[in-house]
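Read off the chains here:
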Amino acid sequence: MSVNLLTKRLTLDDFILEMMRIAPQDLNLEQLQDLVAQLDLNDTLLRQHITFSDKTYARKLLCRTSRFDMLVLSWHPGQFTTIHDHAGALNVTRVRSGTLTARLFEVYDKRSSTEQLVRVGSEEQLVRGELASVDRDRIHQLANTSDEKLVTLHVYAHPLSSINVYCPNSGQVDRVALQYTLEQ
Amino acid sequence: MTKNNLPISIAIIGGGFSGSIVAAHLLINATFPLNIKLIERRPTFGRGVAYGTKYGCHLLNVPAAKMSAFPDDPEHFLRWVQKEEQSRGNLMPSVVKPDTFVPRKIYGEYVQAVLDEAEAAAKENVQLERIKNEAVSISPDANGATVSLSTGQTLRADKIVLALGNFPPTDPAIQDKSFYTSLRYVSYPWSPHALSDIDPNDAVLLIGSGLTMLDLAVALKEQGHAGAIHVVSRHGLLPYPHKFTTPYPAFLSVEGAPKAIRSLVRLVREEVKNAIARGYDWRAVLDSLRPITQQLWQQLPLEEQRRFLRHVRIYWEVHRHRVSPGVADIVAEMLHSEQMVVHAGRIQAYDEDDEAVDVAIRKRHTTDIEVVRVARVINSTGTECDYRKFGHPLIQNLRSHGFIRSDALAIGLDVSPNGALLDVDGVVSQILYTLGPPRQGRLWETTAVPEIRVQAQELAQELLRSRNYS
Ligand SMILES: Cc1cc2nc3c(=O)[nH]c(=O)nc-3n(C[C@H](O)[C@H](O)[C@H](O)COP(=O)(O)OP(=O)(O)OC[C@H]3O[C@@H](n4cnc5c(N)ncnc54)[C@H](O)[C@@H]3O)c2cc1C
């Protein structure tokens, strides 16, 4: 199915209002997917948050409300995230341009809460308009393993204050605090 | 003896034509325990950028008789494709002859078949591991190197081949870059989505007028595009079509050739004039230079090589990298019907609204500005080869540690004659090797199959020869 990306759909204002309608504890992954799927990807504000960095993928906070964080990530070929979970938050990522590699990991040896060995459970390639969804406490990694630049839109509900990062070699799990400023 | 009798391990990063054919030679020729790790980030091995296209109208720009993967078996591809055609029937719309330009996606199948057959024929203790992952860093040490993959795993190898191939073009320089964040702009011409969601009646602008542009133009045609196709490049020159010609006898020897680009060009021009007067085609004259192009290049002083890049390259490209007659016919028809319009000039500015984007082009050698209104702009300027511009983690990692350096012209990597990479101080690596497009600075002529297949064979021999690694 081809998605017409230039058709205007849900504006950011609409999205904020829709998110306010659902109590945070009732929000489920499908509802969040439906809303993110309708966002207008050619939005001017969104475009202003696209910026690439040579060191690592660039992460820009587009909007933070009491209910969610919305970020724009811009990736050069080869850039990738750590292997992490969102410490209880739901996450839906939508591809704006390029191809996203989304990997879900599974724990195959849980020695303690801070030592868990993980391995790739599944991997998929997602293209323009498609969604990568991560339920509360699922472990995942995102990467741009393609030859072209990638821009993705990320919504986290609840807003993120920390994530858990998994080291695939040692099994060590580290809680990492997240802080954004609008300039980030 | 190999050290401790453990198998030698060779990691090849990049599973396009170059990486796959090195692997095939290693599989066929290794006589001692060997573990080959072929690392490719794409879902399929053997295709790379060139042969990963989904369009049947993307033809090889070299005839079937010259596309064998093996230099000492020039008919190998021709035999393979003829046999496949017999057994599968509808592989090609016509019978494949030596001068047929076969679709590139079929060539991708061939490379895969070569790799599969080599794997099947290999000795029991010679093994190929296909690793679908992305290499993001390499740490060489006294005994080899550790390669890190994007999923966090690491692997060890005694030798490493960087077969990274063709890098995407960079966005054309312009003062206000904001249009490059628009969904109307496609920065990567080989994106599977470059041509999706285009209304067949929309006008499109292709930046660049070389082989990449032709790929996009014929793909648009294949999907029934009826709207205008604007093309802009500085000179507005399109590649010439291939034509079968009577071979021209060698007229220049390496020793006798001038070492200055101006005299060299003058000499070739005069030869072309004479040849035409004697009934030959100019193509035959250029083709007669192919066997010595690398040597001619190497004996030019650096300043002369620079001069070539500045003044001659563009003309060399359109004459040397020719397009198949089939594609040329389609494009000629598009030009004739004025569906395709070629603008010689530079893009000055983009002005986008809800409906389309106005692109202002300053015409070559004038101050006149022409504005074209299009629904999509696609960067088809061809591959970037300046390694200093690449943000890829692997290249960043290798550069920041000083394990690689650009060649003096910054059109590839600095390599020794056997393909070993030079580090930042010019020391020849005992571990890292490369082939194909990154050798451009040293060889100039190194991006097509007829050159790469020789390099792949020689590099595999080199790696097998130096097996007593420790
Ligand atoms: C569009 C196009 C058409 C062409 N047509 C012809 C033709 O008709 N005839 C001809 O002779 N030549 C042609 N060429 C020239 C081409 O350069 C060679 O034929 C050959 O395909 C080059 O192969 P390669 O393996 O060096 O590069 P590539 O095909 O670019 O392959 C490199 C591979 O490495 C992988 N890779 C890169 N970095 C990493 C990493 N860090 N980790 C894992 N994998 C990685 C990439 O995914 C890619 O698959 C064409 C080139 C292009 C771009």
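None of the values given here were measured: they were computed from a predicted structure.

Engineer: With reference to specific residues and values, describe the overall build of chain A.
Structural biologist: Secondary structure summary: chain A contains 3 helices and 11 strands in total. Listed N to C, the secondary structure of chain A is α-α-α-β-β-β-β-β-β-β-β-β-β-β in terms of helices and strands. Computed over its C-alpha atoms, the radius of gyration of chain A comes to 16 Å, within 12% of the 16 Å expected for a compact globule of 184 residues. The C-alpha extent of chain A, read off along each of the three principal axes, is 50 × 40 × 35 Å. Across the 184 residues of chain A, 54% fall into the buried class. Sequence-distant contacts, at least 24 apart, represent 74% of the contacts inside chain A between residues at least 6 apart. Entry remark: accessible area of chain A is about 8300 Å², with carbon and sulfur atoms responsible for 48%. Where the 20 positive side-chain charges of chain A centre and where its 23 negative ones centre are 3 Å apart.

Engineer: An account of the side chain of Thr53(B) is requested, with residue identities and associated values reported.
Structural biologist: Residues and elements named next belong to chain B. Note on placement: Thr53 falls in the loop between β2 (34–40) and α2 (76–88). At a separation of 3.1 Å, a polar atom in the side chain of Thr53 contacts the main-chain amide nitrogen of Tyr55. Here the side chain of Thr53 touches His58 through a polar contact of 2.7 Å, side chain to side chain. Here Thr53 is in contact with His58, Arg104 and Lys105, once residues within four sequence places are set aside.

Engineer: Break down empty space enclosed by the protein for me, with residues and values.
Structural biologist: Residues and elements named next belong to chain A. As enumerated under the stated definition, the model contains 2 cavities of 30 Å³ or more in all. Taken together, Leu10, Thr11, Leu12, Leu39, Asp40, Asp43, Leu46, Leu62, Met70 and Leu153 form the lining of the largest cavity. Across the lining of the largest cavity, the residue classes tally to 7 nonpolar, 1 polar and 2 charged.

Engineer: Let's hear about the pairing of strand β9 (residues 150–157) of chain A: which residues, and what values?
Structural biologist: All names here are of chain A. With 8 of 8 residues buried, β9 lies mostly within the body of the structure. Here β9 shows a buried face lined by Leu150, Thr152, His154 and Tyr156 and a second buried face lined by Val151, Leu153, Val155 and Ala157. One ladder, built from 7 bridges, connects strand β2 (residues 69–75) with β9; its direction is antiparallel. What sits directly across from Leu73, in β9, is Thr152. Sheet topology note: the strand β4 (residues 90–97)/β9 ladder contains 7 bridges and is antiparallel. Within β9, the residue paired with Arg94 across the bridge is Leu153.

Engineer: Got a sec to walk through the interface of chain B and chain A? Specific residues and values, please.
Structural biologist: The interface is formed by 30 residues belonging to chain B together with 30 residues belonging to chain A. Interface of chain B and chain A: buried area, both sides summed, is about 2600 Å²; carbon and sulfur atoms make up 45% of it. On inspection of chain B and its partner chain A, the count reaches 6 salt bridges. Two residues, Asp147(A) and Arg42(B), come together in a salt bridge whose shortest N-O distance is 2.5 Å. Along the contact surface separating chain B from chain A lie 14 residue pairs in polar contact (both at pLDDT 80 or more). Of the residues belonging to the side of chain B that touches chain A, the class tally is 8 nonpolar, 14 polar and 8 charged.

Engineer: Got a sec to walk through the packing of helix α4 (residues 211–222) of chain B against helix α9 (residues 325–336) of chain B? Specific residues and values, please.
Structural biologist: Between two packed helices, the angle of one axis relative to the other and the distance separating the axes together describe the packing. All names here are of chain B. As a packed pair, α4 and α9 sit with axes 10 Å apart at the nearest point and diverge in direction by 75°. For the element pair α4 / α9, the angle class is roughly perpendicular. Contacts from Leu214, Ala217, Val218 and Lys221 of α4 reach α9 at Val327, Ile330, Val331 and Met334. For the contact of α4 with α9, the residue count by class is 7 nonpolar, no polar and 1 charged.

Engineer: Which residues make up a negative patch on the surface, and what are the values?
Structural biologist: A grouping of Glu30(A), Asp34(A), Asp135(A) and Asp137(A) is seen on the molecular surface, where their side chains present a negatively charged patch. Relative to the assigned elements, Asp137(A) resides in the loop between β7 (131–134) and β8 (139–143).

Engineer: Describe the packing of helix α5 (residues 261–277) of chain B against helix α6 (residues 282–289) of chain B, with residues and values.
Structural biologist: Residue and element names in this part refer to chain B. Relative to each other, α5 and α6 sit at 135°, their axes nearing to 8 Å. Comparing their axes, α6 and α5 come out oblique. You can see that α5 and α6 cross each other, and the crossing is right-handed. The residues of α6 that touch α5, namely those facing Val268, Glu271, Val272, Ala275 and Ile276, are Trp282, Val285, Leu286 and Leu289.

Engineer: I'd like to hear about α2(B), residue by residue, with values.
Structural biologist: All names here are of chain B. A rise of 1.5 Å per residue sets the reference length of α2, with its 13 residues, at 18 Å; its end C-alpha atoms lie 18 Å apart and thus fit the reference within 8%. Of all the positions in α2, only His76, Phe77, Leu78, Trp80, Val81, Glu84 and Glu85 are classed as buried. Considering only its buried residues, α2 is in contact with α3 (104–121). Once α2 ends, the next one or two residues include Gly89, with phi positive near 80°.

Engineer: So, the site of the ligand: which residues are in play, and what are the values?
Structural biologist: Residues and elements named next belong to chain B. Neighbouring residues of the ligand: 36 residues in total, closest Ser18, Glu40, Tyr51, Asn61 and Val449. Ala135 is positioned such that a nitrogen or oxygen atom in its backbone is 3.0 Å from a nitrogen atom of the ligand. Considering the ligand on its own, with 1000 Å² of exposed area, one finds that the protein chains cover 95% of that surface. Contributing elements (two or more residues each) for the shell around the ligand: α1 (17–29), β2 and α12 (449–465). Of all the elements, α12 adds the most residues to the shell around the ligand, at 3 residues.

Engineer: Let's hear about the sheet that holds strand β6 (residues 154–157) of chain B: which residues, and what values?
Structural biologist: Residue and element names in this part refer to chain B. Reading across from one edge, β4-β5-β6 is the order of the 3 strands in this open sheet, with antiparallel pairing throughout. Lying at the two open borders of the sheet, with one neighbouring strand each, are β4 (135–141) and β6. Between one strand axis and the next, the sheet turns through 20° on average, direction left out of account. One ladder, built from 4 bridges, connects strand β5 (residues 144–149) with β6; its direction is antiparallel. When the bridges of β6 are listed, Thr146 appears paired with Arg156.

Engineer: Tell me about the sheet that holds β2(B), and name the residues and values.
Structural biologist: Residue and element names in this part refer to chain B. Judged by pairing direction, the sheet is mixed, and its 6 strands sit side by side in the order β3-β2-β1-β7-β16-β15 without closing on themselves. Single-partner strands in this sheet number two, and they are β3 (126–132) and β15 (420–422). Averaged over all pairs of adjacent strands, the angle between their axes in this sheet comes to 30°, without regard to strand direction. Summarising the sheet, strand β1 (residues 8–13) and β2 pair through 6 bridges and their orientation is parallel. In the strand pairing of β2, Ala11 is matched with Lys37. Seen against the sheet, α12 touches β1, β2, β7 (159–162) and β16 (428–434) and runs at an angle of roughly 145° to β16.

How each quantity is defined
- Residues numbered from 1 in each chain as written.
- Chains lettered and ligands numbered in written order.
- Predicted model: local features only at pLDDT ≥ 70, side-chain atom pairs only at ≥ 80, totals over all residues.
- Heavy atoms only, no water.
- Helix = DSSP H or I, 4+ residues; strand = E, 2+ residues; numbered from the N terminus.
- Rg over C-alpha atoms; globule rule 2.2 N^0.38 Å.
- Buried < 20%, exposed > 50% of the residue type's maximum accessible area, 1.4 Å probe, protein only.
- Contact = heavy atoms within 4.5 Å.
- Areas by Shrake-Rupley, 256 points an atom, 1.4 Å probe, with all protein chains shown as cover.
- Lys, Arg positive; Asp, Glu negative; His and termini not counted.
- Charge placed at Lys NZ, Arg CZ, Asp CG, Glu CD.
- Polar contact = N/O pair within 3.5 Å; in protein donor to acceptor, adjacent residues only side chain to side chain.
- 1 Å grid on protein atoms, 1.4 Å probe; cavity = no way out; pocket = protein on both sides within 12 Å on 5 of 7 lines; lining within 4 Å.
- Points joined across faces, edges and corners; volume = space filled by probe spheres on them.
- Nonpolar A, V, L, I, M, F, W, Y, C, P; charged D, E, K, R; others polar.
- Pairing = 2+ DSSP bridges.
- Buried area = accessible area lost by both parts, 1.4 Å probe.
- Salt bridge = Lys/Arg side-chain N within 4 Å of Asp/Glu carboxyl O.
- Axes fitted to C-alpha atoms, helices over the stretch in contact; angles between N-to-C directions.
- Parallel < 35°, antiparallel > 145°, perpendicular 65-115°, else oblique.
- Patch = residues over 30% accessible without salt bridge, like charges linked within 9 Å, V, L, I, M, F, W, Y side chains within 5 Å.
- Left-handed = near helix turned anticlockwise from the far one by under 90°.
- Expected span 1.5 Å × (residues − 1).
- Near = heavy atom within 4 Å.

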